[in-house]
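Below are the chains, spelled out letter by letter.
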Amino acid sequence: MKQEVHDWASDLAALYQQVWVRLVRGIGDRHAPSRHPTLATVTTDGRPRARTVVLRSVDPRAGTLEIHTDLRSAKVEELRASPFAALHVWDPSAHLQTRIEADLTIMTGTSVSETWSRLTDTTRSSYGVTPPPGRSIADSLDYVKTADPTAFAVLQLRVSAIDALHLGAHHRRARFDRESDWQGQWLAP
Ligand SMILES: Cc1cc2nc3c(=O)[nH]c(=O)nc-3n(C[C@H](O)[C@H](O)[C@H](O)COP(=O)(O)O)c2cc1C
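Residues numbered from 1 in each chain as written. Predicted model: local features only at pLDDT ≥ 70, side-chain atom pairs only at ≥ 80, totals over all residues. Heavy atoms only, no water.

### As for the site of the ligand
Looking at the ligand, the residues that line it are His36, Arg51, Thr52, Val53, Val54, His68, Thr69, Ser73, Ala74 and Lys75. The contact in question runs from an oxygen atom of the ligand to an N or O atom on the side chain of Thr69, over 2.5 Å. Taking Ala74, its main chain carries an N or O atom lying 3.3 Å from an oxygen atom of the ligand. Considering the ligand on its own, with 620 Å² of exposed area, one finds that the protein chains cover 58% of that surface. In this structure, the ligand is accommodated by the largest pocket. For the shell around the ligand, the secondary structure elements donating two or more residues are β2 (48-52), β4 (64-70) and α2 (74-81). Class assignment for the residues of the shell around the ligand results in three nonpolar, five polar and two charged. (Near = heavy atom within 4 Å. Polar contact = N/O pair within 3.5 Å; in protein donor to acceptor, adjacent residues only side chain to side chain. Areas by Shrake-Rupley, 256 points an atom, 1.4 Å probe, with all protein chains shown as cover. 1 Å grid on protein atoms, 1.4 Å probe; cavity = no way out; pocket = protein on both sides within 12 Å on 5 of 7 lines; lining within 4 Å. Sits in = over half its atoms within 2 Å of the grid points. Helix = DSSP H or I, 4+ residues; strand = E, 2+ residues; numbered from the N terminus. Nonpolar A, V, L, I, M, F, W, Y, C, P; charged D, E, K, R; others polar.)

As structure tokens, then:
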């Protein structure tokens, strides 16, 4: 058998742990692949929609993640209608694709005021563009960015399942479900 580079990939518990280690890395390291996952939602007419976001918070014990967004963005409307999301990360140095399924809660107002208070002015100005995100404008820069706490939303993802695919000398794929206490199940890749 060919030598495997990542020992953790051949053990369910170690693979599960590695998924979370790599997610946590995105919080402190701007260059970590998990810093910029792809968030997918379902539109109100049932179509998939994906976009890059910044991963803002990770809690491996609780199995939760947080993303910040503008309350008036299309994704929030989509998530109100269908409060489920998928998150995708391809981590090239780990040869690891992580696909997450999550139940989603939209937090706003006083419940996020503490988080808002910790943001820098530059970051705050990402929430509160005029006109609202996605609105047509006559020219490319016909908008103003103003920090508006009422436009700030925290998307809290409660992970329900993780599909991990490791590409090695032998590919390995596993699914971990909250329902089965993250025990893990090998799948054909
Ligand atoms: C590197 C990068 C990071 C981004 N981070 C965020 C983010 O954390 N939150 C967010 O709402 N949009 C973020 N965006 C913008 C989204 O990809 C998207 O264009 C915007 O949120 C509008 O999406 P929507 O119309 O589907 O709601 C980011 C884009 C890039 C390229």
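### Here we look at a nonpolar patch on the surface
Where nonpolar side chains cluster on the molecular surface, the patch consists of Ile137, Leu141 and Tyr143 and spans about 300 Å² of accessible area. Residue position: Leu141 is located in the loop between β7 (129-130) and β8 (144-145). (Patch = residues over 30% accessible without salt bridge, like charges linked within 9 Å, V, L, I, M, F, W, Y side chains within 5 Å. Salt bridge = Lys/Arg side-chain N within 4 Å of Asp/Glu carboxyl O.)

### What to know about empty space enclosed by the protein
Applying the stated criterion across every chain yields a total of one cavity of 30 Å³ or more. Roughly 40 Å³ of volume is contained in the largest cavity. Along its surface, the largest cavity is lined by Val19, Arg22, Leu23, Ser34, Val89, Asp91, Leu96 and Thr98. Counting residues per element, the ones that place at least two in the lining of the largest cavity are α1 (12-28), β5 (84-91) and β6 (96-107). Looking at which element gives the most residues to the lining of the largest cavity, the answer is α1, with three residues. Of the residues belonging to the lining of the largest cavity, the class tally is four nonpolar, two polar and two charged. (Points joined across faces, edges and corners; volume = space filled by probe spheres on them.)

### A few points about the pairing of β5
What you see with β5 is a clean split: Ala85, Leu87, Val89 and Asp91 sit on the buried side and Phe84, Ala86, His88 and Trp90 on the side with no burial. Of the strand pairs in this sheet, strand β1 (residues 38-42) and β5 are connected by three bridges, and their pairing is antiparallel. Counted as the bridge partner of Leu39 is Leu87 from β5. By the bridge criterion, eight bridges tie β5 to β6 in an arrangement that is antiparallel. Counted as the bridge partner of His88 is Arg99 from β6. Between β5 and β6, which follow one another and run antiparallel, lie four residues, and His95 among them has a positive phi close to 55 degrees. (Buried < 20%, exposed > 50% of the residue type's maximum accessible area, 1.4 Å probe, protein only. Pairing = 2+ DSSP bridges.)

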